[in-house]
Amino acid sequence: MVKEVDVAIIGAGSAGLYALSQVIRLGKSYVVINGGKLGTTCARVGCMPSKVLIQAAEDFYRRKVLEREGIEGAEHLSVDRPEVMEFVRELRDGFVERVIGNNQKRLAEHTMDGLAEYISPGKIRVGDETIHCKASVIATGSRPIVPAAWQRGFGDRIITTDELFELEELPDSVAVIGLGVIGLEIGQALARLGIEVTGIDMVDRIGGIEDLVANTTAIEALGREFPLWLGHPAEVSEEGDKLRVTAGDNSILVDHLLVSMGRAPNVESLKLEKIGVPLNDAGIPHHDPNTMQCGDTRIFLAGDVTGAHPLLHEAADDGRIAGINASSESSTAYRRKTPLAITFCDPNIAIVGTPWSELDQDQVAIGEVKMAPVGRAQMMSKNRGIIRVYADKADGKLLGATLVCVKGENLAHLLAWSIQQGLTVFDLLRMPYYHPVIEEALQAALRFLAQKIDHQPGPVPDIEEL
Ligand SMILES: Cc1cc2nc3c(=O)[nH]c(=O)nc-3n(C[C@H](O)[C@H](O)[C@H](O)COP(=O)(O)OP(=O)(O)OC[C@H]3O[C@@H](n4cnc5c(N)ncnc54)[C@H](O)[C@@H]3O)c2cc1C
């Protein structure tokens, strides 16, 4: 059967659905091709279930400070891990149902179930059917990377976040391989639920932090809760019914591996190499991040498949841009938002603005505050970490920040919004700060930062003459 549409959207995940909303708004005919389960990675196996698990783990972990606060009986608290997993799935199922329900009408007869394969830039095959389209959006997402030898050798003792939330019972011991965002979030949550967790990474950075000072602080803070073996690749072998994991001089027997070694874009099944679209080394089409267009073709990319920023809000904007441009005669370039990435570990790790590695170290001033003496953080027993804010040394324009602190997720938003508006450290100091709040720690870091700026707008940075 042959179908003709204006726009074919490949992948009904978050990016694909955001693209779809624009294609519908612009009145184009469409088909959505989806080769897996509906409901999106975010709701099914990503952002949402992981945050439910983190919340349950955090609530149980809180018992450790209760005695100090004069609350008795915490030693009688215990965790029923199968119940925790039930709770995760219960909420998760609700999130998934909501996504499916919200999109049911517009997907209905427009969805094709199967893997899409390009025959030419304007011709796509799905099983026996062929689609002719004026434009297409590739929003096929990504999948966890697992070394083939581990997959072959250790079978279901290898877990990724694709399987984790389906487990009825959690294992007693786990080695988390890869301490990026996902490894840290899940590793800490499992450790807080009483599982013996060992975190391993071949590099000596965690959570994607490039700023060495912040990295050292994050390692110190998280390393209190479970061992972090850094700087050596993990080697794995079978020993009885366990797995032996060795990294450098360290070695441990575990029940399972949680593999969080990054995610690979889903491009292979699209057979893009056949249609002459220029591809990078990872097989991803070259694309313009402001238009999402691949070269001068009518093919657009959106979401994790770009390999750029595997984050929900970026997938949403990719999708919006790709959807608009796929529905238009010519492409419009859109400004991208200030980079913002958050790891929901405790303390939060948040990275905002220009990446540390792209800052000109001769031109940058840094304001820093350690969280140890921050009053509000002490009250919460969460006074670990550091705030590091970067600005242009000449005029104080905010450039970026790395936060390892409680409520880092909120501070990171304030900073991202400020950076995007082109504000300076002085602009931020003239804003109101309530007392006692964690924002005061940011205020202190900004005060230190202000002192290092060449051009001072006035003698007291916090107040402004009328
Ligand atoms: C554990 C975890 C936690 C996360 N936490 C956060 C978080 O807290 N905050 C945040 O911002 N981001 C988070 N993310 C990232 C976020 O979930 C992703 O960036 C986002 O879901 C990507 O959406 P997408 O539309 O690109 O991909 P997906 O939602 O995966 O959609 C891709 C779709 O394409 C389909 N498909 C694949 N190949 C084909 C083909 N050839 N033909 C047809 N269909 C195909 C797939 O089946 C799928 O339905 C997390 C991710 C994970 C894994």
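Note that the structure is predicted; figures quoted are calculated from it, not measured.

(A) Structural view of the overall build of the protein chain. Check the secondary structure of the protein chain and you find 14 helices and 22 strands. Dimensions of the protein chain, computed from C-alpha atoms along their principal axes, come out at roughly 70 × 70 × 40 Å. In the protein chain, which comprises 466 residues, the share counted as buried stands at 49%. Taken as a whole, the protein chain presents about 22100 Å² of accessible surface, with 51% of it coming from carbon and sulfur. Placing the 46 positive and 65 negative side-chain charges of the protein chain at their respective mean positions leaves the two points 3 Å apart.

(B) Up close: the nonpolar core. In this structure, L53, L164, L190 and I206 are the most contacted members of the largest nonpolar core, which totals 39 residues. Of all the secondary-structure elements, those providing two or more residues to this core are α3 (47-61), α5 (81-107), β9 (173-177), α8 (181-192), α9 (212-223) and β11 (228-230). Among all residues touching L53, those that are not within four sequence positions of it are V84, M85, V88, L164, F165, I186, A189, L190 and L193. In this structure, V369, A412, L423 and L442 belong to the second largest nonpolar core, which totals 36 residues.

(C) The packing of helix α1 (residues 14-25) against helix α10 (residues 312-326), seen in detail. It is at 7 Å that the axes of α1 and α10 come closest, and there the two elements cross at 35°. Considering how the two elements wind past one another, α1 and α10 form a crossing that is right-handed. The residues of α10 that touch α1, namely those facing S14, A15, Y18, A19, Q22, V23 and R25, are L312, A315, A316, G319, R320, G323 and I324. Of the residues that constitute the contact of α1 with α10, the class distribution is eight nonpolar, four polar and two charged.

(D) Focus on the sheet that holds β9. Read from one edge of the open sheet, five strands run β8-β15-β9-β10-β11, paired in parallel fashion. One side of each edge strand has no neighbouring strand; the edge strands of this open sheet are β8 (158-159) and β11. When strand β10 (residues 196-201) meets β11, the two strands line up parallel, connected through three bridges. Counterpart to D201 in the pairing with β11 is L230.

(E) Main features of α5. Between its terminal C-alpha atoms α5 stretches 37 Å, which fits the 39 Å expected from 27 residues at 1.5 Å a residue. G101 marks where α5 bends most, by close to 25°. On the buried face of α5, the contacting elements are α1, β2 (30-34), α2 (41-44), α3, β3 (111-113) and α7 (161-164).

(F) Representation of the packing of aromatic side chains. Across all of its chains, the model carries one aromatic pair by this definition. The interplanar angle of 50° and the centroid separation of 4.9 Å between the aromatic rings of W356 and Y390 together place this pair among those described as tilted. With a gap of 34 residues between them, W356 in the loop between β19 (348-353) and β20 (364-370) and Y390 in strand β21 (residues 386-392) connect regions that are remote in the sequence. When sorted by exposure, W356 lands in the same class as Y390, which is buried.

(G) Unusual backbone geometry, seen in detail. Of the consecutive residues D346 and P347, the connecting peptide bond is found in the cis state with omega at 0°. Its location among the elements puts P347 in the loop between β18 (340-343) and β19. Cis geometry marks the peptide bond from H435 to P436, where omega comes out at -10°. With respect to the helices and strands, the residue P436 is situated in the loop between α13 (425-429) and α14 (439-451). A positive phi angle, close to 65°, is found at M292, a residue other than glycine. Along the polypeptide, M292 turns up in the loop between β16 (263-265) and β17 (299-301). By relative accessible area, which is 2% here, M292 ends up buried.

(H) Region of the structure containing the pairing of strand β12 (residues 235-239). With five bridges joining them, β12 and strand β13 (residues 242-247) adopt antiparallel strand pairing. Bridge pairing in β13 places E239 opposite K242. Between β12 and β13, which follow one another and run antiparallel, lie two residues, and G240 among them has a positive phi close to 60°.

(I) Quick look at the environment of E129. Among the structural elements, E129 can be located in strand β6 (residues 129-138). Taking relative accessible area as the criterion, E129 reaches 26% and is therefore assigned partly exposed. Distance in space between the C-alpha atoms of E129 and A116 is 9.9 Å, their sequence separation being 13 residues. Not counting residues up to four positions away in its chain, the partners in contact with E129 are M1, M112 and I124.

(J) Region of interest: the sheet that holds strand β22 (residues 398-405). Spatially, the five strands line up as an open sheet ordered β18-β19-β22-β21-β20, and their pairing is antiparallel. The strands lining the two open edges of the sheet, one partner per strand, are β18 and β20. Here the average twist between neighbouring strands, direction ignored, is 10°. In terms of strand pairing, β21 meets β22 through six bridges, oriented antiparallel. Residue pairing for β22: A391 is matched across the bridge by L398.

(K) Fine view of the site of the ligand. Looking at the ligand, there are 36 residues lining it, with G35, T41, K51, D304 and L312 nearest. The contact in question runs from a nitrogen atom of the ligand to an N or O atom on the backbone of A116, over 2.9 Å. Here L311 contributes a backbone N or O atom positioned 3.2 Å from an oxygen atom of the ligand. Isolated, the ligand exposes 1000 Å² of accessible area, and the fraction of that covered by the protein chains is 92%. Elements represented by at least two residues in the shell around the ligand include exactly α1, β2, α2 and α3. Per-element tally for the shell around the ligand: the top contributor is α3, with three residues.

How each quantity is defined
Within any chain, residue numbers begin from 1 and follow the written order of that chain's sequence. Restriction of local features to residues with pLDDT of at least 70 applies here, the model being predicted, together with a cutoff of 80 or more for giving and counting side-chain atom pairs; totals for whole chains, interfaces and linings are based on all residues. Derived side-chain values reflect all non-hydrogen atoms in the structure, with water molecules and hydrogen atoms excluded from consideration. Each helix is a run of H or I in the DSSP string that is no shorter than four residues. Each strand is a run of E no shorter than two, and both are numbered from the N terminus. Buried, partly exposed and exposed residues are distinguished by accessible area as a fraction of the type maximum, computed with a 1.4 Å probe on protein chains only: under 20%, between the cut-offs, and over 50%, respectively. Per-residue and other accessible areas were derived by the Shrake-Rupley procedure at a 1.4 Å probe size, with only the shown protein chains allowed to occlude residues. Only four residue types enter the tally: Lys and Arg on the positive side, Asp and Glu on the negative side, with His and both chain ends excluded. Taken as the charge centre is NZ of Lys, CZ of Arg, CG of Asp or CD of Glu, depending on the residue. Side-chain atoms within 4.5 Å link the members of a nonpolar core, which is a set of buried Ala, Val, Leu, Ile, Met, Phe, Trp, Tyr and Cys residues. We call two residues contacting when some pair of their heavy atoms lies within 4.5 Å. Interaxial angles span 0 to 180 degrees and are taken between N-to-C directions of axes, which are lines fitted to C-alpha atoms, for helices over the stretch in contact. Left-handed is the label given to a crossing in which the near helix is rotated counterclockwise from the far helix by less than a right angle, and right-handed is the label when the rotation is clockwise. In the scheme used here, Gly and all other residues not listed as nonpolar or charged are polar, with Ala, Val, Leu, Ile, Met, Phe, Trp, Tyr, Cys and Pro taken as nonpolar and Asp, Glu, Lys and Arg as charged. Two strands are said to pair when DSSP picks up at least two bridges between them. In a helix, the anticipated span is given by 1.5 Å times the number of residues less one. For a residue, the bend is simply the angle between two axes, fitted respectively to the seven-residue segment ending there and the seven-residue segment starting there. Side-chain rings of Phe, Tyr and Trp, where Trp is taken by its six-membered ring, are said to pair if the distance between their centres is within 6.5 Å; with planes under 30 degrees apart they count as stacked, over 60 as edge-to-face, and otherwise as tilted. Neighbouring residues are identified by heavy atoms, a residue being near a molecule or strand if any of them is within 4 Å of it. Definition of a polar contact: a pair of N or O atoms within 3.5 Å, with one able to donate and the other able to accept a hydrogen when the atoms are protein atoms, and with sequence-neighbouring residues admitted only if both atoms are side-chain atoms.

The values are spatial; any link to function lies outside them.
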